[in-house]
Amino acid sequence: MTELNLIIAGVGGQGSILASHMVAMAAIREGLRARVGETFGAAMRGGAVASHVRIGKGVNAPLIPRGGADIVLAMEPLEGLRNVVSFLRKGGLLLTNTHEWLPVDVNIGRANYPSLQSIKEAVEQLGGRMIAIDGTSLAQQAGDVRTLNVVMLGALAATGKLPISTETLKQIIMENVPRKTVEMNMRAFELGFNSLK
Amino acid sequence: MSSTSEIIVEDSPGKRVLLMGNEAIARGAIEAGVRVAASYPGTPASEILETLAAAAPKLGFYAEWSVNEKVAFEVAAGAAITGVRSITSMKNAGLNWVMDMFMTLVYGGVRGGFLIAVADDPDAHYSSNEQDTRFAAHYAEIPCLEPSDAQEAKDMARYAFELSEQIELPVFLRSVTRISHASGDVELGKIEKRDRKPVFDKHWKMPWRWDVYGPPSAVEKHRWLHGQMPKIKKIVEGLPWNRLDLHEGQSVGVIASGIGASYALDAIKLLGLEGRVAFLKIGTPTPLPEKLVEKLLKSVTNVLVVEEGEPLVELLVKALAKDANPAVKIMGRFTGDMPPVGEINIDIVAKAISKLTGKELPSDPQLEKVREEVKKLVVPRSSTLCAGCPHLGTYWALKRALSKFGGKVPIVNGDIGCYEQGGYGIAGKEYKPSFSTESVHYKIEAPYETLDTNYIMGGGIGLMQGEFRAGYGDGPLVAVAGDSTFFHACMPAVANAVVNKAKGVFLVLDNSWTAMTGHQPDPVTGVTAMGEKTKTLCIEDVARALGVEFIRVSDSFDVRATQEAIEEALKSDKFAIVVSRRVCTLQAMRLKQYTRKKMFLEKDTCTGCRLCVSLGCPAITFNTEENKAGIDPIICVGCGICAQVCPVGAIKVGE
Ligand SMILES: Cc1ncc(C[n+]2csc(CCOP(=O)(O)OP(=O)(O)O)c2C)c(N)n1
């Protein structure tokens, strides 16, 4: 694969932006061209966040066109679906965490959260495929829920769909997480990687 | 570990790294040997100064968070007058605050290179409006550079200082969200030494150079400014960021400025039209490389202008076409061939080029139908305050205090900061327009429905005084503002309220930081941009000095005390200030000044009244089948506000 369009989606505070930067850094280290278009505003948590990663020779703009995403990596199922609907291409993959982060709109009774089964059916109707893992539990198992983004990167690497080597990605992660948490993050990466086996 | 903050100061020309547009702009300034950097935070521009401030102590230059953009602009301009290189950066709205100095400084220009970097926000992702600040550069008669990606952002920022010194004028760099908050691979350049000595000469090359009132006159200085333009036009003609790609037999041309060029290139590729349309890439929307534009206009019959913001390039190209080739058709946002508002993207540009060339876009109508169908499953995620946010406590207290006024119609004037979410509404709820001729009372279901007006920083406290002067009597008048906003823009309005004897309650939500834009320090924080300890200003002291007589201070986490303070203020017959204070919880956790606690909800005690849900905390959930509230243990930080809200004592604070 020479070009990859990846969206990393989640809720503010789940580390999707950092995850997208790490994928792009790994691509650059392997001599590829990379673009990341991120949507984040306030420092506040709880908002919908999506980061577009484009890797390949011919990429210019930082945002993926409609129906142009090969993979949507989701830290949260609803955020995965939100991006799948507009961006996932036919034959694309939704790789999602199963743990729900309920929006206030649902909590105050103004909306209904879609079931994982209905999300799966939606992805399939669009000609895509869904893989779901309980990333949140794996992150807790690794030592801290905050390693969720690295768990999901591990799973992403295990799909074999990244045009970069798993070793480079791991190296980049080690360089970009706080020093004291390197070991825990490596554990998180392995847990995510092995969950797809 | 080689984090970005370390790479930024590395003198390793040729190295390729991933940089965010804002980091790239900062790196450009660092390579150019910048000496003074000043800014006020604002998304999507904040990381420019954040990056510079982190680098400043390592490289020996100065960076500050100023109290507002106007002061920041003046700090940077003052440095440039003494001949050293300086940068000021801000978001779109920030430029409105500096216009007075900006429009006047250009009459004498600068001695050291001066870069004004402004990040616009098409689609108003993080802003009150979509304003296009390139017009301000045009208005001020200075050149505007507009990068198409992170590499150009760095290269242009670096070059801006050289250009500025060559033309003795500030240089404008216009970024947009998709440059500032996008990242790309950037090849680093060499870092120049910063050993220039600051000097001052009152009559440097022009009498009374730095005093517009000095002889000969402001008009003569305007004449000088105007006289710089031919030189600037000649320079931009040869810049590498203005490029014409023309081939035999092309009848359609695309002129694309800034990020528009990236979208256009990808759109041309998507359509399989590479090499089949003439392409003029613009890096200086004002002044335009006129010769290149004329050359293009003379060789094609149709031109599409692709730019982010208002149709500036389009109108300037139209003006040039009148003499160059009146027959050529020019299309863009002005003519309605591109959407007049909102952000553009690859899809929008591809559609416009498709229409113009007749080359069809690859499409799958069946799949589009399915997309529309499954979209119905997607529910909104309203933006919320964080779990444990002190503003949640303040808004609850305000709601309770206002409820004491029964069916009255208060006006709560909002302001800009995290607490502006008090007026975001609830995305999952439908709001209908009302055509009543009387004041209308609306129930506040969640804190996100608290604010009634909101426009710009410092706006609320002024509006409140106008409502009072109009004689509004159907309910109490309130204005809110945060600590950063208080110092940025509210002090003149407080003085105004005091001396002109206005009435109303000014509620200051003091969380010690400029939280919304990513936790920059402000005058109450006690730390500078470069990490030095400094004096802490106290809002109630300032208010007292400005003559405010009614002042109450409360802890935002103590909901009852805050409610009582607000109630008292509402009853007061004087202009009243209530400072609701508590450090931003996110920041307190980061600085290890906050200990997380666990909250417990006793299911058996919970009556399902949903009062806690209406607190608006994202950690509080509700299970409709059980008719019970719940607390998400991952999101909850244990601030204890909900325990104070629960009327039956079902929520308890643990350890
Ligand atoms: C003129 C202008 N400059 C900057 C901004 C960006 N901005 C948005 S909110 C905010 C200030 C937030 O600080 P504060 O008032 O202390 O409230 P907090 O977010 O901490 O609650 C700023 C600077 C803006 N909207 N307008």
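Computed from a predicted model, the values in this text were never measured in an experiment. (Residues numbered from 1 in each chain as written. Chains lettered and ligands numbered in written order. Predicted model: local features only at pLDDT ≥ 70, side-chain atom pairs only at ≥ 80, totals over all residues. Heavy atoms only, no water.)

(A) Expanded view of the overall build of chain A. Each helix and strand in chain A was counted, giving eight helices and six strands. The N-to-C order of helical and strand elements in chain A reads β-α-β-β-β-α-β-α-α-β-α-α-α-α. For chain A, the C-alpha radius of gyration of 16 Å lies close to 16 Å, the compact-globule estimate for 197 residues. Taken along its principal axes, the extent of the C-alpha atoms in chain A is 45 × 40 × 35 Å. For chain A, with 197 residues in total, the buried portion stands at 63%. Summarising the internal contacts of chain A: among those between residues at least 6 apart in sequence, 64% fall at separations of at least 24. Accessible area for chain A stands at about 6,800 Å²; split by element, carbon and sulfur atoms hold 49% of it. Charge centroids of chain A, computed over 20 positive and 16 negative side chains, lie 5 Å from each other. (Helix = DSSP H or I, 4+ residues; strand = E, 2+ residues; numbered from the N terminus. Rg over C-alpha atoms; globule rule 2.2 N^0.38 Å. Buried < 20%, exposed > 50% of the residue type's maximum accessible area, 1.4 Å probe, protein only. Contact = heavy atoms within 4.5 Å. Areas by Shrake-Rupley, 256 points an atom, 1.4 Å probe, with all protein chains shown as cover. Lys, Arg positive; Asp, Glu negative; His and termini not counted. Charge placed at Lys NZ, Arg CZ, Asp CG, Glu CD.)

(B) Structural context of the packing of aromatic side chains. Residues and elements named next belong to chain B. Tallying each qualifying case throughout the model produces eight aromatic pairs over all chains. Relative to F102, the ring of F73 lies with its centre 5.9 Å away and its plane at 55°, an arrangement referred to as tilted. In this pair, F73 sits in helix α4 (residues 69-81) while F102 sits in helix α5 (residues 92-105), placing the two residues 29 residues apart along the sequence. With respect to burial, F73 and F102 carry one shared label: buried. A network of ring pairs unites the aromatic residues F73, F102, F114 and F172 as a single cluster. Just above the ring of F622 sits the side chain of R610; from NZ or CZ to the centre is 3.9 Å. (Phe/Tyr/Trp six-rings, centres within 6.5 Å; stacked < 30°, edge-to-face > 60°. Lys NZ or Arg CZ within 6 Å of the ring centre and 35° of its normal.)

(C) Structural detail: the UniProt feature "binding site: [4Fe-4S] cluster 2" (unreviewed entry) in chain B. Residue and element names in this part refer to chain B. Taking the UniProt record as the reference, the feature "binding site: [4Fe-4S] cluster 2" (unreviewed entry) is found at C617, C636, C639 and C642. In summary, the annotated positions, though distributed over 26 residues, converge in three dimensions, the widest C-alpha pair being only 10.6 Å. Residue position: C636 is located in the loop between β21 (628-631) and α22 (641-645). Ignoring sequence-local partners within four residues, the contact set of C636 consists of A387, R596, M599, A619 and I631. Mapped onto the fold, C639 is located in the loop between β21 and α22. (UniProt positions renumbered as here; feature names shortened; annotations may be inferred.)

(D) Inspection of the interface of chain A and chain B at higher detail. Taken residue by residue, the interface counts 72 residues in chain A and 66 residues in chain B. Across the interface of chain A and chain B, roughly 5,700 Å² is buried in total on both sides, 58% from carbon and sulfur atoms. For the interface between chain A and chain B, the tally reads ten salt bridges. When the shortest N-O distance is used, the salt bridge between B:E368 and A:R66 registers 2.8 Å. (Buried area = accessible area lost by both parts, 1.4 Å probe. Salt bridge = Lys/Arg side-chain N within 4 Å of Asp/Glu carboxyl O.)

(E) Region of interest: the sheet that holds strand β5 (residues 88-97) of chain A. A sheet is described by the order of its strands in space; here eight strands give the open sequence β6(A)-β5(A)-β4(A)-β1(A)-β3(A)-β2(A)-β8(B)-β1(B), paired in mixed fashion. Strand pairing shows two members of the sheet lacking a second neighbour, β6 (129-133) of chain A together with β1 (16-20) of chain B, which therefore form its edges. With strand direction ignored, the average angle separating the axes of adjacent strands in the sheet is 20°. (Pairing = 2+ DSSP bridges. Axes fitted to C-alpha atoms, helices over the stretch in contact; angles between N-to-C directions.)

(F) Geometry of the UniProt feature "binding site: [4Fe-4S] cluster 1" (unreviewed entry) in chain B. Residues and elements named next belong to chain B. Per the UniProt entry, the sites bearing "binding site: [4Fe-4S] cluster 1" (unreviewed entry) are C606, C609, C612 and C646 in this numbering. A maximum C-alpha distance of 10.3 Å among these annotated residues, which run over 41 residues, shows that they cluster at one spot. Looking at the element boundaries, C606 is found in the loop between β19 (599-601) and β20 (620-623). The buried category is assigned to C606, whose relative accessible area is 11%. Excluding anything up to four places from it in sequence, C606 contacts L601, K628, A629 and A650. With respect to the helices and strands, the residue C609 is situated in the loop between β19 and β20. With relative accessibility at 44%, the residue C609 sits in the partly exposed group.

(G) Looking closely at the packing of helix α2 (residues 21-31) of chain B against helix α7 (residues 150-167) of chain B. All names here are of chain B. Between α2 and α7, whose axes approach to 7 Å, the crossing angle comes to 30°. Here α2 is positioned roughly parallel relative to α7, judged by the angle of their axes. For the element pair α2 and α7, the recorded crossing hand is right-handed. Between α2 and α7, the contacting residues are G21, A24, I25, R27, G28, A29 and E31 on the first element and A150, A153, K154, A157, R158 and F161 on the second. Across the contact of α2 with α7, the residue classes tally to seven nonpolar, two polar and four charged. (Parallel < 35°, antiparallel > 145°, perpendicular 65-115°, else oblique. Left-handed = near helix turned anticlockwise from the far one by under 90°. Nonpolar A, V, L, I, M, F, W, Y, C, P; charged D, E, K, R; others polar.)

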